[in-house]
Amino acid sequence: MTSTTYDVVAIGNAIVDILAQAEDSFIEEIGVAKGSMQLMFSPEEADALYAKMGPGREVSGGSASNTVAGIAALGGKTAFIGQVADDQLGAVFAHDLRAAGVDFATAVRPGQPTTARCLIFVTPDGQRTMNTFLGASQFLPAAALDEQVIASGAILYLEGYLWDPEEPRAAMRKAIDIARANGRKVAFTLSDVFCISRHGDDFRALIADGLIDILFANENELLALCGHEAFEAAVAHMADKVPLLVVTRSEKGAMALSNGARVEVPAEPIEKLVDTTGAGDMFAAGFLHGQARGKSIEDSLRLGAICAAEIIQHYGARAEVDLKKHAEAKLG
């Protein structure tokens, strides 16, 4: 096994997030389930919804890219593989991610469609409702993978959101083969219940084939994956199916199950919930950073909870404090 250059190498949707505040009535008007994510299938549909948005802010986003940006903020070494177009939003994404300390060298895709964008509406209770046009990100080919980068990452991190389109699905399967051939761990996040409704059989097959070392889910995703209505039944169902299961439970904290040993931590206290965008992404950042640096599962869970709590107290999915110092102070 060769030495590692990166703590985590992630593959995911390369998306520019556009965030704006909205009332509950607006969410009802556009016909989207509050707190969920829906896909938009044409740039015209995205443009029409964008025209209805209030004042917003743009920042590079996407689940896996948020996670590696968080790990970089904690002092880790990360790389990201994702597809942008040769346009202004693509340049915004690349600049923001590199400025966050993440290595990003995937070649841009010429022509249409445009770089992916996610229109995020944040209601007064802090819930985020996402409307995503996948654009160029859904055409990430296996040929765009840098095999040396993947082989040199201690952990390969994949997002379920990117499993939907055919090309990146094939790319992620190839990446898993590269990682495992080099003795690296593979982490996978289920991303959203809708991903499970579309690709649950694929996800379950990956788990059954022993290709996933660390599985991230929130409570609803775990229930959907296992087909159970009760949380404890779902946990028991997964107990012997994946080496390390990590489940976030919002205000109820988080838990991990590894080789029959269960660890739980409470949610970190916060002053005010502002925006839940990126909470799961940043939890994964803290947990993976802890694992890559040899921390215990309990300390990794705590680090994830600390990162998630920082993110939900302001708009957007990138830290607004020195995350490394903040986490060190909290961990003691």
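Higher on the page you've got the structure.
The rules behind each value
Residues numbered from 1 in each chain as written. Predicted model: local features only at pLDDT ≥ 70, side-chain atom pairs only at ≥ 80, totals over all residues. Heavy atoms only, no water. Helix = DSSP H or I, 4+ residues; strand = E, 2+ residues; numbered from the N terminus. Rg over C-alpha atoms; globule rule 2.2 N^0.38 Å. Buried < 20%, exposed > 50% of the residue type's maximum accessible area, 1.4 Å probe, protein only. Contact = heavy atoms within 4.5 Å. Areas by Shrake-Rupley, 256 points an atom, 1.4 Å probe, with all protein chains shown as cover. Lys, Arg positive; Asp, Glu negative; His and termini not counted. Charge placed at Lys NZ, Arg CZ, Asp CG, Glu CD. Pairing = 2+ DSSP bridges. Axes fitted to C-alpha atoms, helices over the stretch in contact; angles between N-to-C directions. Core = buried A, V, L, I, M, F, W, Y, C linked by side-chain atoms within 4.5 Å. Phe/Tyr/Trp six-rings, centres within 6.5 Å; stacked < 30°, edge-to-face > 60°. Right-handed = clockwise from strand over helix to strand, strands pointing away. Expected span 1.5 Å × (residues − 1). Polar contact = N/O pair within 3.5 Å; in protein donor to acceptor, adjacent residues only side chain to side chain.

A. Quick look at the overall build of the protein. When helices and strands are tallied, the protein shows 12 helices and 14 strands. Against the globule reference of 20 Å for 332 residues, the protein gives a C-alpha radius of gyration of 18 Å, in line with a compact fold. The proportion of buried residues among the 332 residues of the protein is 56%. At a minimum sequence separation of 6, the contacts of the protein that also span at least 24 residues come to 75%. In the structure as shown, the protein presents an accessible area of about 13600 Å², 49% of it carried by carbon and sulfur atoms. Averaging the positions of the 28 positive and the 44 negative side-chain charges in the protein gives two centres separated by 5 Å.

B. How the structure looks around the sheet that holds strand 10 (residues 185-189). Reading across the sheet, the nine strands line up as 6-5-1-9-10-11-12-13-14 and stay open at both edges, with mixed pairing between neighbours. The open sheet has two edge strands with one neighbour each: strand 6 (102-104) and strand 14 (261-265). Averaged over all neighbouring strand pairs, the angle between strand axes comes to 20°, with direction disregarded. Summarising the sheet, strand 11 (residues 214-218) and strand 12 (residues 244-248) pair through five bridges and their orientation is parallel. Each bridged residue has a counterpart across the sheet, and for Asn218 the counterpart in strand 12 is Thr248. Packed onto the sheet, helix 4 (residues 88-99) meets strand 5 (78-81) and strand 6 and runs at close to 145° relative to strand 6.

C. Here's a closer look at the sheet that holds strand 8 (residues 128-133). In space, the five strands of this open sheet follow the order 3-8-7-2-4, with mixed pairing throughout. Unpaired on one side and paired on the other, strand 3 (37-40) and strand 4 (56-61) mark the two borders of the sheet. Adjacent strand axes in the sheet meet at a mean angle of 25° when their direction is disregarded. Taken together, the six bridges between strand 7 (residues 116-122) and strand 8 define a ladder with antiparallel strand orientation. Counterpart to Cys118 in the pairing with strand 8 is Thr132. Sitting on the sheet, helix 2 (residues 43-52) is in contact with strand 2 (15-21), strand 3, strand 4, strand 7 and strand 8, with an inclination near 30° to strand 7. Sitting on the sheet, helix 4 is in contact with strand 2, strand 4 and strand 7, with an inclination near 65° to strand 4.

D. Representation of the nonpolar core within the structure. Counting residues in hydrophobic clusters, the biggest one holds 57 residues, and the most contacted among them are Ile11, Ile150, Phe188, Leu215, Leu222 and Met238. With 43 residues, the next largest nonpolar core counts Ala69, Phe93, Tyr157 and Ile306 among its residues.

E. View of the environment of Ala154. Turning to its location among the elements, Ala154 is positioned in strand 9 (residues 153-159). Since its relative accessible area comes to 26%, Ala154 is described here as partly exposed. Ala154 sits 31 residues away from Lys185 along the chain, and the two C-alpha atoms are 6.5 Å apart. Sequence-distant contacts of Ala154, that is, excluding residues within four places in its chain, are made with Thr4, Tyr6, Asp7, Arg184 and Lys185.

F. Spotlight on the packing of aromatic side chains. Across all of its chains, the model carries 10 aromatic pairs by this definition. Judged by centre distance (5.8 Å) and plane angle (50°), the ring pair of Phe80 and Phe93 falls under tilted. Pair noted here: Phe80 is in strand 5 and Phe93 is in helix 4, with a separation of 13 residues, a long-range link. Following the ring pairs from residue to residue traces out a cluster consisting of Phe80, Phe93 and Phe104.

G. Examining the pairing of strand 9 more closely. Judged by how many residues are buried, strand 9 sits mostly within the fold: six of seven residues are covered. Two strands pair when backbone bridges link them, and strand 9 and strand 10 are joined in this way by five bridges, in the parallel orientation. What sits directly across from Tyr157, in strand 10, is Ala187. In this view, the connection linking strand 9 to its parallel neighbour strand 10 by way of helix 6 (residues 166-181) has right-handed handedness.

H. View of helix 7 (residues 193-208). Its 16 residues give helix 7 an end-to-end C-alpha distance of only 19 Å, which falls more than 12% under 22 Å, the value for a rise of 1.5 Å per residue. Next to the buried residues of helix 7 lie strand 3, helix 6, strand 10, strand 11, helix 8 (219-226) and helix 9 (231-238). For helix 7, the capping residue at the N-terminal end is Asp192, with a side-chain oxygen 3.0 Å from the backbone nitrogen of Phe194. Gly210 lies just past helix 7 and shows a positive phi near 75°.

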